[in-house]
Amino acid sequence: MATNRTFTMIKPDAVSAGNTGAITKMIEEAGFRIVAVKKTQLTPERAGQFYAIHKERPFFKDLCSYMSSGAIVPMILEKENAVEDFRKLIGATDPQKAAPGTIRNLFAKSIEANAIHGSDSDENAEIEGSFFFAKTECF
Ligand code: UDP
Ligand code: MG
């Protein structure tokens, strides 16, 4: 059964550039309700756990150091068809290929420092949300 939730995090490049507010505004204006939000920082080890699915990829080590290089803003979001609609809102992984007006098109710096994460399935949205938030932090 499809859930109505997805998980996102604003990545270190966008947080340090001062784009947290502008990105959050786009998310809310697109109809997503913020269920949980905080500001935190990953260690390289924890970044590796989050991206464990990519551990054999050539970019894995760099990704872990980048993702632990500064503060991030993880969020659980709610909306009908949340996972698919949110992937559309953020655009393609590579900002050069991200459609005009998408969050990555507007804010990403590179294919690695691409401003924002979005879950790719309902199952991963649940796993990734639980990685950062307890049920008691969800409203
Ligand atoms: N990434 C990278 N180089 C690549 C592909 C991906 O540094 O060639 C990073 C990028 O930050 C991306 C993350 O690894 O968001 C996870 O990759 P994935 O293919 O899952 O992209 P996403 O689902 O985030 O669009
Ligand atoms: Mg992915």
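Residues numbered from 1 in each chain as written. Chains lettered and ligands numbered in written order. Predicted model: local features only at pLDDT ≥ 70, side-chain atom pairs only at ≥ 80, totals over all residues. Heavy atoms only, no water.

A. Main features of the overall build of the protein. Helix and strand content of the protein: seven helices and four strands. The secondary structure elements of the protein, listed N-terminal to C-terminal, are β-α-α-β-α-α-β-α-α-β-α. The C-alpha atoms of the protein give 14 Å as radius of gyration, which agrees with the globular expectation for 139 residues (14 Å, within 12%). Taking the principal axes of its C-alpha atoms as reference, the protein extends roughly 35 × 35 × 25 Å. Considering only contacts in the protein between residues 6 or more positions apart, those separated by 24 or more positions represent 79%. In the protein, 17 positive and 18 negative side-chain charges are present, and the distance between their average locations comes to 3 Å. (Helix = DSSP H or I, 4+ residues; strand = E, 2+ residues; numbered from the N terminus. Rg over C-alpha atoms; globule rule 2.2 N^0.38 Å. Contact = heavy atoms within 4.5 Å. Lys, Arg positive; Asp, Glu negative; His and termini not counted. Charge placed at Lys NZ, Arg CZ, Asp CG, Glu CD.)

B. Focus on the pattern of salt bridges. Per the counting criterion, the structure on display carries seven salt bridges. The salt bridge partner of Lys-25 is Glu-29, with a shortest N-O separation of 3.1 Å. Residue Lys-25 and its partner Glu-29 are located together in helix 2 (residues 20-29), separated by four residues, close to a single helical turn. A relative accessible area of 59% means that Glu-29 is categorised as exposed. With a shortest N-O distance of 2.8 Å, Glu-78 and Arg-33 are connected by a salt bridge. Pair noted here: Glu-78 is in strand 3 (residues 73-78) and Arg-33 is in strand 2 (residues 33-37), with a separation of 45 residues, a long-range link. (Salt bridge = Lys/Arg side-chain N within 4 Å of Asp/Glu carboxyl O. Buried < 20%, exposed > 50% of the residue type's maximum accessible area, 1.4 Å probe, protein only.)

C. Region of the structure containing the site of ligand 1. By nearness alone, every residue bordering ligand 1 is listed as Lys-11, Tyr-51, His-54, Phe-59, Leu-63, Arg-87, Thr-93, Arg-104, Ile-111, Glu-112 and Asn-114. In the environment of ligand 1, an oxygen atom lies 2.5 Å from a nitrogen or oxygen atom belonging to the side chain of Thr-93. Side-chain polar atom of Asn-114 to an oxygen atom of ligand 1: 2.9 Å apart, as the coordinates give it. Considered on its own, ligand 1 offers 510 Å² of accessible surface; in the complex 81% of this is hidden by protein. Taking a 2 Å distance to the grid points as the criterion, the majority of the atoms of ligand 1 fall inside the largest pocket. (Near = heavy atom within 4 Å. Polar contact = N/O pair within 3.5 Å; in protein donor to acceptor, adjacent residues only side chain to side chain. Areas by Shrake-Rupley, 256 points an atom, 1.4 Å probe, with all protein chains shown as cover. 1 Å grid on protein atoms, 1.4 Å probe; cavity = no way out; pocket = protein on both sides within 12 Å on 5 of 7 lines; lining within 4 Å. Sits in = over half its atoms within 2 Å of the grid points.)

D. Molecular detail of the side chain of Thr-6. When you line up the elements, Thr-6 lands in strand 1 (residues 5-10). Under the relative-accessibility criterion, Thr-6 is labelled buried at 1%.

E. Spatial organisation of the layout of surface pockets. Taken as a whole, the largest pocket holds about 650 Å³ of empty space. If you trace the largest pocket, you find 24 residues lining it, with Tyr-51, Ile-53, His-54, Leu-63 and His-117 closest to the centre. The set of elements that each furnish at least two residues to the lining of the largest pocket consists of helix 3 (44-50), strand 4 (116-118) and helix 7 (122-132). For the lining of the largest pocket, the element with the most residues is helix 7, which contributes four residues. If you add up the space inside the second largest pocket, you get close to 220 Å³. Lining the second largest pocket we find 14 residues, and of these Arg-5, Ile-76, Ala-125, Glu-126 and Lys-135 sit closest to its centre. Among the elements that make up the lining of the second largest pocket, the one with the highest residue count is helix 7 (five residues). In the lining of the second largest pocket, the residues fall into six nonpolar, four polar and four charged. (Points joined across faces, edges and corners; volume = space filled by probe spheres on them. Nonpolar A, V, L, I, M, F, W, Y, C, P; charged D, E, K, R; others polar.)

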